[in-house]
Amino acid sequence: MNHRLTISVDDQFIRALQAYMKARRYAGVSEAIRDLAWRAFMEVEIAVSEDEKCMAALAYAYDFKTRNLASRLSGLYAESELVVSVSKSQSSARKFVEVAILKGQRKDVEQFAKKILAERGVTDGQLSLFRI
């Protein structure tokens, strides 16, 4: 069921919204505001409850010369039923950037992501959750 909302905003908000819509090629205001709101909800973890299924993108950089890190990461992925796919790209002589697509209950996905991000040599990680 869709609901209609009416809000009042100032000129500065409208300019910022128009710039956002142009940068991301939104055709309509409703879609842009809805996506902005969902992003905010995801940041405070309201949109996906702890027991609800979700998909997630776990992105991080790692130093592949850290002792046994690549094999430890591969082992964690092989042991998990949450992993849908993993892709990696070399970003420098020592670093890779890896993105793992995960699917499962939010609490399990977050716990798995924390385990990966806590590995020695893993840096700059971020988990993004998506409703399914």
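Refer to the structure printed above.
The rules behind each value
- Residues numbered from 1 in each chain as written.
- Predicted model: local features only at pLDDT ≥ 70, side-chain atom pairs only at ≥ 80, totals over all residues.
- Heavy atoms only, no water.
- Core = buried A, V, L, I, M, F, W, Y, C linked by side-chain atoms within 4.5 Å.
- Buried < 20%, exposed > 50% of the residue type's maximum accessible area, 1.4 Å probe, protein only.
- Helix = DSSP H or I, 4+ residues; strand = E, 2+ residues; numbered from the N terminus.
- Contact = heavy atoms within 4.5 Å.
- Phe/Tyr/Trp six-rings, centres within 6.5 Å; stacked < 30°, edge-to-face > 60°.
- Lys NZ or Arg CZ within 6 Å of the ring centre and 35° of its normal.
- Axes fitted to C-alpha atoms, helices over the stretch in contact; angles between N-to-C directions.
- Parallel < 35°, antiparallel > 145°, perpendicular 65-115°, else oblique.
- Left-handed = near helix turned anticlockwise from the far one by under 90°.
- Nonpolar A, V, L, I, M, F, W, Y, C, P; charged D, E, K, R; others polar.

Asks: Sorry, what's going on with the nonpolar core here?
Replies: Counting residues in hydrophobic clusters, the biggest one holds 19 residues, and the most contacted among them are Tyr 60 and Ile 116. Only strand 1 (53-63), helix 3 (69-79), strand 3 (95-105), helix 4 (106-117) and strand 4 (122-131) provide two or more residues apiece to this core. At five residues, the largest contribution of residues to this core is made by strand 1. Non-local contacts of Ile 116, meaning those with residues more than four positions away in its chain, are made with Leu 58, Tyr 60, Leu 73, Leu 76, Tyr 77 and Val 122. Among the nonpolar cores identified, the runner-up in size contains five residues, and Leu 17, Met 21, Tyr 26 and Ala 32 belong to it.

Asks: Whenever I open this one, the packing of aromatic side chains confuses me. Can you help?
Replies: Pairs of aromatic rings are described using the distance from one ring centre to the other and the angle between the two planes. Taken as a whole and assessed by the stated rule, the structure comprises five aromatic pairs. Taking 5.8 Å as the distance between ring centres and 20 degrees as the angle between the ring planes, the aromatic pair formed by Tyr 62 and Phe 96 counts as stacked. Linking Tyr 62 in strand 1 with Phe 96 in strand 3, this pair joins segments that are 34 residues apart in sequence. With respect to burial, Tyr 62 and Phe 96 carry one shared label: buried. Between Phe 64 and Phe 96, the ring centres sit 5.2 Å apart and the planes meet at 65 degrees, which makes this aromatic pair edge-to-face. Of the two residues, Phe 64 sits in the loop between strand 1 and helix 3 while Phe 96 sits in strand 3, which places them 32 residues apart along the sequence. On the basis of relative accessibility, which here comes to 28%, the residue Phe 64 falls in the partly exposed class. An aromatic cluster is present here, built from Tyr 60, Tyr 62, Phe 64 and Phe 96 joined pairwise through their rings. Sitting over the face of the ring of Phe 96, Lys 88 holds its NZ or CZ atom 4.9 Å from the ring centroid.

Asks: Please clarify how the packing of helix 3 against helix 4 should be interpreted in this entry.
Replies: A pair of packed helices can be characterised by two numbers: the angle between their axes and the separation between those axes. Interhelical geometry of helix 3 versus helix 4 gives an angle of 170 degrees and a closest axis separation of 11 Å. With respect to each other, helix 3 and helix 4 are oriented roughly antiparallel. The handedness of the crossing between helix 3 and helix 4 comes out as right-handed. Here Leu 73, Leu 76 and Tyr 77 of helix 3 come into contact with helix 4, specifically with Phe 112, Lys 115 and Ile 116. Within the contact of helix 3 with helix 4, the residues separate by chemical class into five nonpolar, no polar and one charged.

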